[in-house]
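# Geometric and topological summary
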Amino acid sequence: MMGDSKPKEDAGTIAQIPLADSDLARLASELAQTNERLQVAFDAMTDGLVIQGSDGQILTSNKAAQRILGLTEDQFHGRSSFDPHCHTIHPDGSPFPGEDHPAMVALRTKQPVYDVIMGVHKPDGQTCWIRVFAIPMPKSGSVLVTFSDITEQKRAEGHLHFQAELLRAVGQSVYATDLLGRVTYINAAAEALYGWKKEEVLGKSLLSVAVAPGKEPEANALLDRIHRGESWRGEFPLRRKDGHRFLAEVVGTPALSSSGKVIGLVGISQDITTRKNAEAALRESEALLRSIADGVPSSILRWDRQLRLTFVNREGVQIAGKPREELIGKHYADVMSEAFFRHNLPRLQAALRGTPSEYEIAPPAPLGKDRSRWYWVKYIPHIIGNEVTGILVLATDITQMKRDAALQTQLSEIVESASDAIVRAGRDGVVQAWNTAAVRLYGYSAAEMIGESFDKLIPTELLPAAQNIVARALQGERIGQFETRRQRKDGSLADVELTVSPVRDACGDIVAVSAIVRDLSARKLLERQLEDARRLETIGRLAGGIAHDFNNILQVMMLHLEHLERQTHLPGSLLSSIKQLEH
């Protein structure tokens, strides 16, 4: 033992110094006390310590070495690395030759040997795994060998390796470290993820090979937590061998011995860059879809298979009159009303079976507080894959549409009942509308004229003037109440009075022209008859005047005839002629 040899060597040295007996006794006592303290410290160490001489034989060992390797002090003494009973192996299971033992290498090279892992077969048949350090002591020609028991760690690594192989099958990278943060294991997936080969990283600090620059303090803090027995899961920036940074999802758990002691950590990491990019793209897509949905002038609601609201757009929120957060998660009956739910239950059930439906309705409160409003509602199955996962409900406010339709009906009735012909033609001159009065005026039915050119109603000689009128109307001018002639189906011409106006759409653009055509045929006939009567009256007055003047002449002539008749000397033939003139 160490205590048996060193005091003798020191005592021999002291004997050469001429000292008094009392001084010699005092020094011997102090030396014995120091030797005892060293022996206590030597035996109190948890790591195994042995001193091997220049020939490799073990000179002394501490109690930890004896406990770790299962040997007594006597069994240790005199044994060497070349002892045939000393069976040692490499971590891969291959034999570990005696000349390659750390102690022998240190003795041979006069250089320390650090961190060598070797397995030692104990007398009880079990294998003990140790981490060995050998420090040469040149003055004495011996070597100090220290080793720690890492059997539990190796067992944990073996278990870890089994689990890692399982994880490798699903592409998970696994690594393990000891309490100093040195890498003790990585699987093939970790090699692929980080770009390091196993032999390049074993024994190196995990922080130096995997943690992104600048993140070392945070990583150290996490390692401390795990070494205290905590587990951690989260996202952490890491780096590859080529320096490329990436974001990983990391799970770190303490590696425990069979006794429950923390002996290192086990980490699982997965590159989530692609997932993060996909999540960012999904968030952007969702934001875009929400913006689109919120910009749609229809209410959009989604109900899950339990008929609970999972989405509602801005229009739906405004109609409901409640904040979105108060609506999400509510049942259909709570949002719409129990009565409305029962009324629409068949449609809801059909949609959940994959059958869409649509209908027109004035819904009850709360989505229909104004009962004068109408909605066109569609129930659309929301299908993902081949499974109906919910129902999309689109409710479009058609109140204005219905009002416009009612107004259009009223206007159509007014147009149809008008006594004047009303015709509308597009910018291309094709007839789009044709009322009943137009049928009476022109002799063409609506079916015959709609889709035909309006030019067929215009006499050839009047066509240029008519086209000029239409061009002015398409420029926005209203041409009112001018007389012209139009051609009927039978070829006859009708005297008409036209008012031509531009027709604008909701945006104010001119899209057509309208013509109000008044039939002047009856009026023109009456005017002609009146003119004839006036001419006859004038002729009558003229004839009366002539007759009056002629009577005056006749009276004078009759007086002269009466005077001649009283003349007796006139011949008889003359008197006979005078009497004929009087009668």
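Reference entry: report on the structure contained in this document.

Rules and cut-offs
- Residues numbered from 1 in each chain as written.
- Predicted model: local features only at pLDDT ≥ 70, side-chain atom pairs only at ≥ 80, totals over all residues.
- Heavy atoms only, no water.
- Pairing = 2+ DSSP bridges.
- Helix = DSSP H or I, 4+ residues; strand = E, 2+ residues; numbered from the N terminus.
- Axes fitted to C-alpha atoms, helices over the stretch in contact; angles between N-to-C directions.
- Core = buried A, V, L, I, M, F, W, Y, C linked by side-chain atoms within 4.5 Å.
- Buried < 20%, exposed > 50% of the residue type's maximum accessible area, 1.4 Å probe, protein only.
- Contact = heavy atoms within 4.5 Å.
- Salt bridge = Lys/Arg side-chain N within 4 Å of Asp/Glu carboxyl O.

Taking strand neighbours across the sheet as the criterion, the five strands line up as E13-E12-E16-E15-E14 in an open arrangement whose pairing is antiparallel. Bordering the open sheet on either side are strand E13 (309-312) and strand E14 (357-361), each of which pairs with just one other strand. Averaged over all neighbouring strand pairs, the angle between strand axes comes to 20 degrees, with direction disregarded. Sheet topology places strand E15 (residues 375-384) next to strand E16 (residues 387-397); ten bridges connect them, and they run antiparallel. Considered in E16, the bridge of tyrosine 379 is made with valine 393.

Ranked by internal contacts, the top residues of the largest apolar core, which has 27 residues, are Trp434, Leu441, Tyr442, Leu457 and Val517. Residue assignment for this core shows that the elements contributing at least two residues are strand E17 (421-426), strand E18 (431-434), helix H17 (436-442), helix H19 (463-474), strand E20 (493-504) and strand E21 (510-519). In this view, tyrosine 442 contacts Trp434, Leu457, Arg486, Gln487, Arg488, Lys489 and Val517; residues no more than four positions away in its chain are not counted. If you look at the next biggest cluster of nonpolar residues, it comprises 26 residues, including Val335, Met336, Tyr375 and Val377.

Attention now moves to the pattern of salt bridges. Taken as a whole, this structure holds 22 salt bridges when the rule is applied. Arginine 275 is the salt-bridge partner of glutamate 249, the closest N and O atoms lying 3.6 Å from each other. One end of the pair, glutamate 249, is in strand E10 (residues 245-256); the other, arginine 275, is in helix H11 (residues 273-295), and 26 residues separate them in sequence. The exposure class of arginine 275 is partly exposed, given its relative accessible area of 34%. Glutamate 477 is paired through a salt bridge with arginine 472; the nearest N and O atoms lie 2.6 Å apart. The class for arginine 472 is partly exposed, based on a relative accessible area of 31%. Shared partners join several salt bridges into a network, and the residues in it are Arg233, Glu235, Glu249, Arg275, Lys276 and Glu279.

By secondary structure assignment, the location of arginine 523 is in helix H20 (residues 521-565). Take arginine 523: its relative accessible area is 36%, and that puts it in the partly exposed class.

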